[in-house]
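Read off the chains here:
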Amino acid sequence: MQSLCLKDWHDPGCEKLAAQCTTGPCPITPGFIPAQPMNTPETWTELQGWRAGLLWFPDPHSPQARHETDGLLVTGQSADGVVRVLAIGPYRDLATRYPDLPVTHWPGLCIAPGFVDLHIHYPQTDVIGSPADGLLPWLEHYTFPHEKQFADPAYAHEVSAFFLDELMRHGVTTALCFATAHPESVDAFMAEAQKRHLRMVTGKVLQDRHSPDSLRDTDTALSLRQTEDLIRRWHGVDRLGYAITPRFAPTSTEAQLHGAGEIAQQFPDVWIQSHVAENLDEIRWVHELFPQARSYLDVYDRAGLLRQRSVYAHCIHLDETDRRRMTEVGATAAISPTSNLFLGSGFFDYTAADAAGLHYGLASDVGGGTSFSPFHTMHAAYTVARQSVGRPGISLAPEHLWWQHTAGAAAALDLNGQVGNLLPGCEADFVVLNPKATPLLARRTAQTESLAEWLFAMVVLGDERLIAHTVVQGHIAAPAGMSDNRA
Ligand code: GUN
Ligand code: ZN
């Protein structure tokens, strides 16, 4: 039997057959390509309806949001065991097509994609708010000493569990996350994420110099073998992914960076994550350590660490050649505005990034960053872009800010069609917003006259109180954190 195109499930007018558009771009939703060929609806089980307002991005590559005040999201378990979105649209259009569907109804609330954090350090959960005179003293006095504790698996499990529950409480359902130099820190994080059915990516930090004892890789070859072992153990298991994670150029020898690049070549679908061009003192140090490199970014490029699925945090002090090179290879900038403001690192240049066609998305960078909240990060990104710092400030639209932390971040991670959106085929991870969560939010959102104004009120006034529920894989995460309550 030929199945109808997945478009039929969110656009009642579409009569195309699946074969016509699961293999290429959809003619109705430009830019949308399903993550994998869709199964016929008949093979899906445990169908569930969620009725509320809806916010999503019909074209995941464009920051144009669509909002339905009374919508229906239909989810179900597809043949591969993953809970996905089957249909999305106005309640009045979809409800009659699913007459026996069990529906959870949240009047007055709004379902939106789970947030995607492009760069965060789980071992720095207890480092947030440690003041220092910039990045390098902050690393030396607070971060490095603290991270030594993650050699202890019990400690790493306890912090991972708290961290993941905290992410969900704030509506973040996917993150690209640093662990520490200890392989145990990766095992603990992956196990806790797996228990919660989350899509998470992490990796053992590679740092074989300029780091204290108990955090430094004392055997470079061993650190690379540990990386390979962890990739084989975790990458692609359930919803987990691995990221090759050199901390930053100053704490790795050339041998370690090049070794990491060779592993990247061997495993083309793992991610790569690091930091680049964050702070002026750091950049001076990189030039001393790598005099042959054209730029800080070039150190990674020469080592084979710049490619698709490579995500570099900060990217503040890049030049045009760097930006063009990142665009050319499909690398991503993880913009971390609360961290950049807190550590006094500088201001990401959106205008130059857009001129170069750079891929980017938002990140908290906890614990240099000061909050787990995507609302705080979006607000800080707006503030950063507004500054006139040798160039005119710009006003980022609220839909654009939201996109940078959802569909745009997912696309930058090469997870378009999987997370960060609610299009059919996307995995069913979403948040339920309560725009009346506080007296001020209720008052302010009631007076808005457009989608942009409504979203902006939430960006500026929001925090975790806005997140009434976080739903992961079709299950509502308990407010105090979701333990595995499923068979
Ligand atoms: N550069 C190297 N390590 C770090 C880190 O942990 N945080 C930030 N913000 N920058 C870094
Ligand atoms: Zn960082």
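Structure first, text after, so check above.
Described in the following lines is the structure provided in the data block. (Residues numbered from 1 in each chain as written. Chains lettered and ligands numbered in written order. Predicted model: local features only at pLDDT ≥ 70, side-chain atom pairs only at ≥ 80, totals over all residues. Heavy atoms only, no water.)

Any two packed helices are characterised by the angle at which their axes cross and by the distance between the axes. Relative orientation of the contacting elements helix H13 (residues 374-386) and helix H17 (residues 451-461) amounts to 105°, with a least axis distance of 7 Å. Accordingly, the angle class assigned to the pair H13 and H17 is roughly perpendicular. Where H13 approaches H17, its residues Phe375, Met378, His379 and Tyr382 are matched on the opposing element by Phe456, Met458, Val459 and Val460. Looking at the contact of H13 with H17 residue by residue, the classes come out as seven nonpolar, one polar and no charged. (Axes fitted to C-alpha atoms, helices over the stretch in contact; angles between N-to-C directions. Helix = DSSP H or I, 4+ residues; strand = E, 2+ residues; numbered from the N terminus. Parallel < 35°, antiparallel > 145°, perpendicular 65-115°, else oblique. Contact = heavy atoms within 4.5 Å. Nonpolar A, V, L, I, M, F, W, Y, C, P; charged D, E, K, R; others polar.)

Once that is clear, we can look at the site of ligand 1. The environment of ligand 1 is made up of His121, Gln124, Leu135, Trp138, Leu139, Arg247, Phe248, His275, Glu278, His314 and Asp365. Contact distances for ligand 1 include 2.8 Å between an oxygen atom and a side-chain N or O atom of Arg247. Here His314 contributes a side-chain N or O atom positioned 3.5 Å from a nitrogen atom of ligand 1. More than half of the atoms of ligand 1 fall within 2 Å of the grid points belonging to the largest cavity. Tallying contributions element by element places helix H3 (residues 135-147) first for the shell around ligand 1, with three residues. (Near = heavy atom within 4 Å. Polar contact = N/O pair within 3.5 Å; in protein donor to acceptor, adjacent residues only side chain to side chain. 1 Å grid on protein atoms, 1.4 Å probe; cavity = no way out; pocket = protein on both sides within 12 Å on 5 of 7 lines; lining within 4 Å. Sits in = over half its atoms within 2 Å of the grid points.)

This part takes up the coordination of the zinc ion (ligand 2). For the zinc ion (ligand 2), the full set of protein donor atoms is His119 (NE2), His121 (NE2), His275 (NE2) and Asp365 (OD), at a range of 2.0 to 2.3 Å. Here the zinc ion (ligand 2) binds four donor atoms, and the angle range of 92 to 163° at the metal identifies the geometry as irregular. Read from N- to C-terminus, the donor residues coordinating the zinc ion (ligand 2) fall into the pattern H-x1-H-x153-H-x89-D. Placement of the pair is His119 in strand S5 (residues 115-121) and His275 in strand S10 (residues 271-276), with a sequence separation of 156 residues. (Donors = N, O, S within 2.8 Å, 3.2 Å for Na, K, Ca; no water. Tetrahedral: all angles 85-135°; square planar, octahedral: opposite > 155°, others 65-115°.)

Turning our attention to empty space enclosed by the protein. If a probe as big as a water molecule is rolled over the atoms, it shows which places are left empty. As enumerated under the stated definition, the model contains two cavities of 30 Å³ or more in all. The space that makes up the largest cavity amounts to roughly 100 Å³. Along the walls of the largest cavity sit 13 residues, with Leu135, Trp138, Leu139, His275 and Glu278 positioned nearest its centre. Broken down by element, the residue count for the lining of the largest cavity peaks at three residues, all from H3. Of the residues assigned to the lining of the largest cavity, the class counts are five nonpolar, five polar and three charged. If you go around the second largest cavity, the residues you meet are Phe348, Tyr350, Thr351, Val384, Ala385, Gln387, Arg391, Pro392 and Ile394. Elements with a minimum of two residues in the lining of the second largest cavity: helix H12 (350-356) and H13. Of the residues in the lining of the second largest cavity, the class split is six nonpolar, two polar and one charged. (Points joined across faces, edges and corners; volume = space filled by probe spheres on them.)

Attention now moves to the pattern of salt bridges. Using the criterion set out here, one finds 26 salt bridges in the structure. When the shortest N-O distance is used, the salt bridge between Arg169 and Glu464 registers 3.4 Å. Of this pair, Arg169 sits in helix H4 (residues 153-169) while Glu464 sits in the loop between H17 and strand S15 (467-472), and the two are 295 residues apart along the sequence. Owing to a relative accessible area of 34%, Arg169 belongs among the partly exposed residues under this scheme. On the accessibility criterion, Glu464 (26% relative accessible area) is partly exposed. A salt bridge links Glu328 to Arg325; the shortest N-O distance between them is 2.6 Å. One end of the pair, Glu328, and the other, Arg325, are both in helix H10 (residues 320-329), three residues apart, so they sit about a helical turn from each other. Judged by its relative accessible area of 60%, Glu328 is exposed. (Salt bridge = Lys/Arg side-chain N within 4 Å of Asp/Glu carboxyl O. Buried < 20%, exposed > 50% of the residue type's maximum accessible area, 1.4 Å probe, protein only.)

Grouped together as the largest cluster of nonpolar side chains are 102 residues, with contacts concentrated most on Tyr122 and Trp402. The element that contributes the greatest number of residues to this core is H4, accounting for seven residues. Among residues more than four places away in sequence, those in contact with Trp402 are Leu55, Phe57, Phe115, Phe375, Met378, Leu433, Leu455, Met458 and Val459. (Core = buried A, V, L, I, M, F, W, Y, C linked by side-chain atoms within 4.5 Å.)

Another point: unusual backbone geometry. Cis geometry is adopted by the peptide bond preceding Gly367, which originates at Val366 and carries an omega value of 0°. Mapped onto the elements, Gly367 comes out in the loop between strand S13 (359-362) and H13. Phi at His210 is positive, roughly 50°, even though this residue is not glycine. Counting through the fold element by element, His210 comes out in the loop between strand S8 (205-206) and helix H6 (220-234). Residue His210 is classed as partly exposed on the basis of its relative accessible area, which comes to 39%. Phi at His314 takes a positive value of approximately 90°, unusual for a residue other than glycine. Structurally, His314 is set in strand S11 (residues 310-314).

That's the geometry; what it means functionally is another story.
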